[in-house]
Amino acid sequence: ELASFCAAAAREALQRESEFSWQDISGIMSAMMHAGLTDVRVVQQFAATMAARAAGRCSSIGNQALLNIALAAARLGVHPDILRPMTLSMAKVLTARAICLNQIDLRQWIEIQRYCGLPGSATPSVGSQDSEAASALQQMWTQWHEHQQQQRHQ
């Protein structure tokens, strides 16, 4: 059964996390997300643990792996309070890297922000918690809206 296999994989990955690259972890989490394992406790524990660990290491994780880890954590049901620190760190890193997200990545990034209730989402709740990250998120959101406006007028 898929759920049993993924539960065993999650336990193994938790025990041997240092042996996996962030790209590997993002792939494992994405597979678990696509399998719809939101009700498997160890899978949620794995996703929450990886999101919490990634929060302090965002600057050393590639853009795609960051998006995959955060999106999978959100869709696997990791509580927004656990995912929020990673999302705030991602905002700083993505802004510092001055990357331009493609349309798919941007939709995923917005989904992550909304899930965590960050600026640019329907229910912002960052406040003074991390003003630098909030500013970065707002800047990215503004750029996205400007880009969307330009697309509509063409």
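Residues numbered from 1 in each chain as written. Predicted model: local features only at pLDDT ≥ 70, side-chain atom pairs only at ≥ 80, totals over all residues. Heavy atoms only, no water.

Q: Explain the packing of helix α1 (residues 2-15) against helix α3 (residues 41-55) to me, and be specific about the residues and the numbers.
A: In the contact formed by α1 and α3, the axes pass within 8 Å of each other and the chain directions differ by 35 degrees. Remark: the crossing between α1 and α3 carries left-handed chirality. Where α1 approaches α3, its residues C6, A7, A10, R11, A13 and L14 are matched on the opposing element by V42, V43, Q45, F46, T49 and M50. Here the contact of α1 with α3 is composed, by residue class, of nine nonpolar, two polar and one charged. (Axes fitted to C-alpha atoms, helices over the stretch in contact; angles between N-to-C directions. Helix = DSSP H or I, 4+ residues; strand = E, 2+ residues; numbered from the N terminus. Left-handed = near helix turned anticlockwise from the far one by under 90°. Contact = heavy atoms within 4.5 Å. Nonpolar A, V, L, I, M, F, W, Y, C, P; charged D, E, K, R; others polar.)

Q: Requested: an account of the side chain of T87, with residues and values cited.
A: Positionally, T87 belongs in helix α5 (residues 80-96). Overall, T87 belongs to the buried group, its relative accessible area being 0%. If we ignore the near neighbours within four places in the chain, the residues touching T87 are W109, I112, C116 and L118. (Buried < 20%, exposed > 50% of the residue type's maximum accessible area, 1.4 Å probe, protein only.)

Q: Break down the pattern of salt bridges for me, citing the residues and quoting the values.
A: By the definition in use, this model includes six salt bridges. Note that R16 and E19 form a salt bridge whose closest N and O atoms lie 3.0 Å from each other. On the accessibility criterion, R16 (31% relative accessible area) is partly exposed. Given a relative accessible area of 52%, E19 falls into the exposed group. Among the salt bridges present, the one from R53 reaches E17, with a minimum N-O distance of 2.4 Å. With R53 in helix α3 and E17 in the loop between α1 and α2 (22-34), this pair connects stretches of sequence that are 36 residues apart. Exposure remark for R53: the relative accessible area of 32% places this residue in the partly exposed category. (Salt bridge = Lys/Arg side-chain N within 4 Å of Asp/Glu carboxyl O.)

Q: Could you give me a rundown of the environment of E17, with the residues and numbers involved?
A: A relative accessible area of 15% places E17 in the buried class. Once residues within four sequence positions are removed from consideration, E17 is found in contact with W22, I25, M50, R53 and R57. Within the structure, E17 has its side chain in polar contact with the side chain of R53 (distance 2.4 Å). (Polar contact = N/O pair within 3.5 Å; in protein donor to acceptor, adjacent residues only side chain to side chain.)

Q: Could you give an account of the packing of helix α4 (residues 63-75) against α5, naming the residues involved and the relevant values?
A: Axis separation between α4 and α5 bottoms out at 11 Å; the angle between their running directions is 155 degrees. Considered as vectors, α4 and α5 are oriented roughly antiparallel to each other. Judged by the twist between their axes, the crossing of α4 over α5 is left-handed. The residues of α5 that touch α4, namely those facing N63, L66, L67, I69, A70, A73 and A74, are L83, M86, M90, V93 and L94. In terms of residue class, the contact of α4 with α5 is built from eleven nonpolar, one polar and no charged. (Parallel < 35°, antiparallel > 145°, perpendicular 65-115°, else oblique.)

Q: Give me the confidence of the model for the chain: which residues, what numbers.
A: Here the chain averages 81 in pLDDT, while 76% of its residues score no lower than 70. The model gives residues 122-129 a pLDDT under 50, and that stretch makes 17 contacts with residues more than four places away or in other chains. (pLDDT = per-residue confidence, 0-100.)

Q: Can you tell me about the nonpolar core, naming the residues and giving the values?
A: Membership of the largest hydrophobic core comes to 48 residues, with the highest contact counts inside it found for M29, F46, M86, M90 and W109. Of all the secondary-structure elements, those providing two or more residues to this core are α1, α2, α3, α4, α5 and α6 (103-116). When neighbours within four sequence positions are excluded, M90 is seen to be in contact with C58, L66, L67, A70 and W109. (Core = buried A, V, L, I, M, F, W, Y, C linked by side-chain atoms within 4.5 Å.)

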